[in-house]
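# Inside the fold
Below, each chain spelled out in residue letters.
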Amino acid sequence: MPQSADSITYENLLIWNQEWVKATLAEDPNFFVKLANGQKPPILWIGCADSRVPANQITGTTPGDIFVHRNIANMVIHTDMNMLSVLDYAVAILKVKHVIVCGHYGCGGILAAMNNKQYGLIDNWLCHIKDVYRLYSVELDQIEDKEEKANRLVELNVIENVYNLCKTSTIQNAWKNGQDLQVHGWAYSLNTGLIKDLDISFVSDEKLNKVFKF
Ligand code: CO
């Protein structure tokens, strides 16, 4: 297994894949046969693309447990066909029971959105985070410590993206059809490995502003 990320080669990955298959089969000879039969994951994970926040490892789950969508800063953008397709398939077809938006403290996307530098094409994506900042600027501008301010924006960004999920026709139709579906917001700490539940779970459209209801 690797010592440090920069010493990993392309060939390493293929060798480690074979070792992983061997170890997995030694534990459960039917592991791949079962997974090949189909998936029924109870969870949809919307997380950051950051290499340090892999959904399965940090939750102690295995292949088949979590349907995953990741992008920079775990955003739910209403015109993002990629995200919408993953969401609709997970909710309407796979019938997941929980959708989790998981942000993380120290997120590069959040930090980049908080300054006034240009980074290229990604500036257009980060603009959505700046919108979250603007929405909560009264609260955020009162926080002097830079790290504390960034950590709060990580949480507020998760909260807004949970709202964004609840605004989609996919989630609202699931609730309308009586589907058992909850939407949650989490923040992961790179420093401790622990996940904080932000306690903003939605189980219906009750708390949603009426302009968003279909
Ligand atoms: Co990130």
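Residues numbered from 1 in each chain as written. Predicted model: local features only at pLDDT ≥ 70, side-chain atom pairs only at ≥ 80, totals over all residues. Heavy atoms only, no water.

## Topic: the coordination of the cobalt ion
Those protein atoms acting as donors to the cobalt ion are C48 (SG), H104 (NE2) and C107 (SG), and they sit at 2.0 to 2.3 Å. Considered as a linear motif, the donors of the cobalt ion on their single chain read C-x55-H-x2-C. Residue C48 is located in strand β1 (residues 43-48), and its partner C107 is located in the loop between β3 (98-104) and α5 (108-114); the two are separated by 59 residues in the primary sequence. (Donors = N, O, S within 2.8 Å, 3.2 Å for Na, K, Ca; no water. Helix = DSSP H or I, 4+ residues; strand = E, 2+ residues; numbered from the N terminus.)

## Focus on the environment of A90
Here A90 shows up in helix α4 (residues 81-93). On the basis of relative accessible area, A90 is assigned to the buried category, the value being 0%. The contacts of A90, once residues within four sequence positions are left out, are L44, F67, K95 and V96. (Buried < 20%, exposed > 50% of the residue type's maximum accessible area, 1.4 Å probe, protein only. Contact = heavy atoms within 4.5 Å.)

## Notes on the environment of W20
Secondary-structure assignment places W20 in helix α1 (residues 10-27). Residue W20 is classed as partly exposed on the basis of its relative accessible area, which comes to 40%. In this structure the C-alpha to C-alpha distance between W20 and K167, which are 147 residues apart in sequence, comes to 41 Å. Each residue touching W20, except ones within four places of it in the same chain, is listed here: F31, F32 and P63.

## Observations regarding the packing of aromatic side chains
Applying the stated criterion to the full structure yields six aromatic pairs. Geometrically, the ring pair formed by W45 and W186 is edge-to-face, given 6.1 Å between the ring centres and 80° between the ring planes. Of this pair, W45 sits in strand β1 while W186 sits in strand β4 (residues 182-188), and the two are 141 residues apart along the sequence. Given a relative accessible area of 19%, W186 falls into the buried group. The rings of W20, F31 and F32 are connected pair by pair, giving a single aromatic cluster. Taking NZ or CZ as reference, K167 lies 4.4 Å from the ring centre of F212, over its face. Taking NZ or CZ as reference, K207 lies 4.6 Å from the ring centre of F202, over its face. (Phe/Tyr/Trp six-rings, centres within 6.5 Å; stacked < 30°, edge-to-face > 60°. Lys NZ or Arg CZ within 6 Å of the ring centre and 35° of its normal.)

## Topic: the nonpolar core
Most often, soluble globular proteins keep nonpolar side chains buried together rather than apart. L44, V99 and V183 are the most contacted members of the largest nonpolar core, which has 47 residues in total. Counting residues per element, the ones that place at least two in this core are β1, α4, β3, α5, α6 (122-135), α8 (146-167), α9 (169-176) and β4. Per-element accounting of this core gives the leading share, eight residues, to α8. For L44, the residues in contact, after removing those within four places along its chain, are F67, V68, H69, V86, L87, A90, V96, H98, V99 and I100. Listed in part, the ten residues of the second largest apolar core include I43, V53, A55 and I100. (Core = buried A, V, L, I, M, F, W, Y, C linked by side-chain atoms within 4.5 Å.)

## Examining the domain arrangement of the chain
Here the chain is described as being made up of domain 1 (1-37) and domain 2 (39-204). Averaged C-alpha coordinates put domain 1 and domain 2 at centres separated by 29 Å. (Domains from an automatic or database assignment.)

## Things to note about the packing of α6 against α8
Between α6 and α8, the least distance of the axes is 10 Å, while the angle of their chain directions is 105°. Between α6 and α8, the angle is such that the two are roughly perpendicular. Contact with α6, carried on its side by I129, V132, Y133 and L135, involves K149, L153, L156, N157 and E160 of α8 and no other residues of that element. Of the residues that constitute the contact of α6 with α8, the class distribution is six nonpolar, one polar and two charged. (Axes fitted to C-alpha atoms, helices over the stretch in contact; angles between N-to-C directions. Parallel < 35°, antiparallel > 145°, perpendicular 65-115°, else oblique. Nonpolar A, V, L, I, M, F, W, Y, C, P; charged D, E, K, R; others polar.)

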